[in-house]
Amino acid sequence: MALRNQLLQVMEHYLQAKRDKLSKHHPIFRLVTTEIPNTIKLFSFIDQDRYVVKGSTGQGVWTDVPWIAIMNKTITTSTQRGYYIVYLFSDDMKKVHLTLAQGVTETPKEEMLRINEEIRQIIPLNENVKKDDELNLGESKKAKEYKPSVAAYISYSIERMPLDEQLQRDLQQMIQYYENYVEIKTNMKKFEHLSYQSIVQHIYSYISSKGFYYTKEEVINLFLSLKTKPFVILSGISGTGKTKIVQWLAESVGATEKNGRFTLIPVRPDWNDGSDLLGYVDIKGEFKPGPLTKVILEAEQHEEEPYFVLLDEMNLARVEHYFSDVLSVMESRRWEDEKIVSSNLLSKEIAGQDISLPPNVYIIGTVNMDETTHPFSKKVLDRANTIEFNRVQLNHLDFLKELKKVEPISLKQEAFAAAYLHLKDVYHPYPHIVEKATTELVQINEYLQPLGAHIGYRVRDEICFYLAYNEEGQLMTYENAFDHCLLLKILPRISGSDTRVQRALEQLFTFCTKIELNEEYDGLMDFTYAKYPKSANKILEMLRRLQSDGFTSFWIGS
């Protein structure tokens with residue numbers, strides 16, 4: 001008998017059967033538990049070595065909602081747990097629903113809702129498949145129990161039951177969605193404990209596959225910067241791909257605008273305080289959350305997932321005015337019960353609840369330095385890792401010749417989570433790094449002190465964190481990593497027009513290269529011999545600007 005006729009028989013005779021005593025010899029019992037499963041097993045797309053097909057009319061008494069389930073054996077063989085394909089009959093027998101659902105007995109409701117949302121967001125579904133919470137199985141207890149377990153469904157009414165060919169196509173389609181999700185979840189487990197090297201290689205390969213050229217070292221630097229501090233500033237001339245590298249990094253690890261884990265917030269020049277970013281209380285006394293607060297509230301519900309916020313054109317408004325609350329709360333992070341917590345960003349009196357800054361929110365700002373933007377204060381630079389993107393190689397096209405498709409993977413918060421908040425956290429596993437870096441920073445401070453640009457404990461600590469993560473992942477040599485730290489945390493602090501600035505930069509150049517400049521800045525092009533070549537090149541650029549313009553700064557265009 002065709003599946004269509006079998007489903008219609010259940011719908012036409014089940015309510016009458018419920019008046020009889022439940023028996024394994026009853027024709028409706030046999031139809032649901034044996035005959036329909038056997039029909040499904042014969043479909044060409046059902047691999048009987050891979051799937052279990054079961055039907056049920058209840059245990060001991062007739063259930064209000066009979067079902068027939070198709071389960072991948074690697075996921076579950078019981079409808080009490082896991083996720084699977086299941087035909088659910090409404091308790092009035094007017095409809096049967098082909099669903100992708102979960103076991104309600106052993107799955108907590110919060111986990112069930114999370115998985116439903118995950119399936120709806122990451123699996124593209126055709127228009128004939130509904131992915132809402134409007135499924136109506138009836139008013140019985142069992143109907144209401146099953147309803148929240150359904151992530152996606154196709155409904156068939158007794159009056160308009162499709163032909164058997166359409167039913168088979170729909171089932172094959174739903175099984176494909178099921179297998180797509182099984183594959184994604186399998187990959188999630190596979191990638192849960194990737195090494196730093198593997199994570200960086202994946203991000204680099206994914207970005208390259210999109211046709212954007214960044215060096216692997218630039219990707220390493222961005223990854224380590226986010227690990228060190230969840231606030232990174234990307235600077236550089238317009239059009240170098242600052243926005244894209246953040247977007248592709250987030251997408252490569254499963255965070256997209258579609259699933260709400262990547263959010264782009266354009267900064268407006270008229271932002272004078274935190275209300276545009278965090279929210280405000282309207283004239284009715286109701287709190288209206290801002291775009292960052294919406295992300296924070298969502299991130300608090302999914303602590304295991306990383307969330308990325310891109311503040312585009314961050315310095316069109318004064319960062320100290322609209323972002324100061326976030327900066328202050330970021331510095332309040334501390335360990336409690338082996339978790340990172342912070343002070344409140346918004347109080348209960350304002351927002352109706354206390355809102356803090358969760359550790360799984362990463363904020364990246366892009367900035368240009370021109371006549372339309374504002375410079376950064378040392379307060380902001382102290383609290384951020386600053387990465388410059390000014391490298392432009394228009395003639396580099398070789399990487400486009402053999403682009404390979406790279407699929408995103410779903411990385412959890414663990415991949416980006418901070419392991420160190422205080423110097424004592426990093427000193428125990430890496431005392432040699434802390435001592436070596438501190439010795440060099442003490443020397444650097446001697447050069448910076450006459451400018452009032454010397455660093456404090458916060459910057460020292462965060463440089464040590466960066467170097468420790470690098471050592472843990474074996475991503476770069478110590479010298480290469482410290483070179484990046486000078487560009488991230490030291491050189492952006494230097495600006496001015498007097499001889500003290502010139503003297504400090506010349507001393508730093510000597511520190512990086514062991515060469516005395518003596519105000520001779522031309523002719524030096526090759527820094528491969530230098531201990532810290534990238535910093536040496538930037539310092540020389542700053543000295544040349546000071547010589548030609550009478551003023552210098554880390555920032556191009558300022």
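Residues numbered from 1 in each chain as written. Predicted model: local features only at pLDDT ≥ 70, side-chain atom pairs only at ≥ 80, totals over all residues. Heavy atoms only, no water.

Caption draft 1: Representation of the packing of aromatic side chains. Counted by the stated rule, this structure contains 19 aromatic pairs. Centre to centre, the rings of Tyr 14 and Trp 62 are 5.5 Å apart; their planes meet at 90°, and the pair counts as edge-to-face. In this pair, Tyr 14 sits in helix H1 (residues 3-17) while Trp 62 sits in the loop between strand E1 (51-56) and strand E2 (67-72), placing the two residues 48 residues apart along the sequence. Under the relative-accessibility criterion, Tyr 14 is labelled buried at 0%. Through a chain of ring-to-ring contacts, the aromatic side chains of Tyr 196, Phe 223, Phe 308, Tyr 362 and Phe 416 assemble into a single cluster. The ring of Tyr 478 carries Lys 436 above its face, with NZ or CZ at 4.1 Å from the centroid. (Phe/Tyr/Trp six-rings, centres within 6.5 Å; stacked < 30°, edge-to-face > 60°. Helix = DSSP H or I, 4+ residues; strand = E, 2+ residues; numbered from the N terminus. Buried < 20%, exposed > 50% of the residue type's maximum accessible area, 1.4 Å probe, protein only. Lys NZ or Arg CZ within 6 Å of the ring centre and 35° of its normal.)

Caption draft 2: Inspection of the pairing of E2 at higher detail. Extensive coverage of E2 is indicated by the burial of six of its six residues. Residue alternation in E2 divides its side chains into two sets, Trp 67, Ala 69 and Met 71 and Ile 68, Ile 70 and Asn 72, and both sets are buried. Across six bridges, E1 lies against E2 in antiparallel orientation. When the sheet's bridge partners are listed, Tyr 51 is paired in E2 with Asn 72. Relative to strand E3 (residues 83-89), E2 is paired through four bridges, and the arrangement is antiparallel. When the sheet's bridge partners are listed, Ala 69 is paired in E3 with Val 86. (Pairing = 2+ DSSP bridges.)

Caption draft 3: Looking closely at helix H10 (residues 291-301). Among the residues of H10, those classed as buried are Leu 292, Thr 293, Val 295, Ile 296 and Ala 299. Within H10, the buried residues cover an arc of 160° as seen down the axis, which keeps them to one side. Those residues of H10 that are exposed and aimed more than 90 degrees away from the buried face are Lys 294 and Gln 301. (Arc of directions from axis to C-beta.)

Caption draft 4: How the structure looks around the sheet that holds E2. Here five strands make up an open sheet; going across it, the order is E1-E2-E3-E4-E5 and the pairing antiparallel. Each edge of the open sheet carries a strand with a single partner, namely E1 and strand E5 (150-157). Each strand axis lies, on average, 15° off the axis of its neighbour in the sheet, ignoring direction. In terms of strand pairing, strand E4 (residues 95-102) meets E5 through seven bridges, oriented antiparallel. Counterpart to His 97 in the pairing with E5 is Ser 155. Where H1 meets the sheet, its contacts fall on E3, E4 and E5, and the angle it forms with E3 comes to roughly 55°. (Axes fitted to C-alpha atoms, helices over the stretch in contact; angles between N-to-C directions. Contact = heavy atoms within 4.5 Å.)

Caption draft 5: Inspection of the sheet that holds strand E6 (residues 231-235) at higher detail. Taken in spatial order, the five strands make up an open sheet running E7-E10-E15-E6-E16, and their pairing is parallel. Of all strands in the sheet, those with a lone pairing partner are strand E7 (262-266) and strand E16 (385-388), marking the two edges. Taking each pair of neighbouring strands and ignoring which way they run, the sheet shows an average axis angle of 20°. Bridge analysis of E6 against E16 gives four bridges, and the strand direction is parallel. By the bridge assignment, Ser 235 is partnered in E16 with Glu 388. Here helix H8 (residues 242-252) sits on the sheet and contacts E6, E7, strand E10 (307-312) and strand E15 (361-367); the angle it forms with E10, its principal contact strand, is near 170°.

Caption draft 6: Quick look at the side chain of Asn 480. Along the chain, Asn 480 turns up in helix H18 (residues 478-490). Reaching out from Asn 480, the side chain makes a polar contact with the side chain of Glu 217 at a distance of 3.0 Å. Once you skip the residues sitting within four places of it in the chain, Asn 480 turns out to touch Glu 217 and Lys 534. (Polar contact = N/O pair within 3.5 Å; in protein donor to acceptor, adjacent residues only side chain to side chain.)

Caption draft 7: Looking closely at unusual backbone geometry. Of note, the phi angle at Met 93 is positive, near 60°, even though the residue is not glycine. Of note, Met 93 is situated in the loop between E3 and E4. Assessed through its relative accessible area of 2%, Met 93 is described here as buried. Positive phi is not limited to glycine here, since Gln 474 has a value of about 50°. Residue classification places Gln 474 among the exposed positions, given a relative accessible area of 53%.

Caption draft 8: Examining the state of the cysteines more closely. Per the stated rule, a full pass over the model turns up zero disulfides. Unpaired in this structure, Cys 464 has its nearest cysteine sulfur neighbour in Cys 485, at a distance of 8.7 Å. Judged by its relative accessible area of 0%, Cys 464 falls in the buried class. (Disulfide = S-S within 2.5 Å.)

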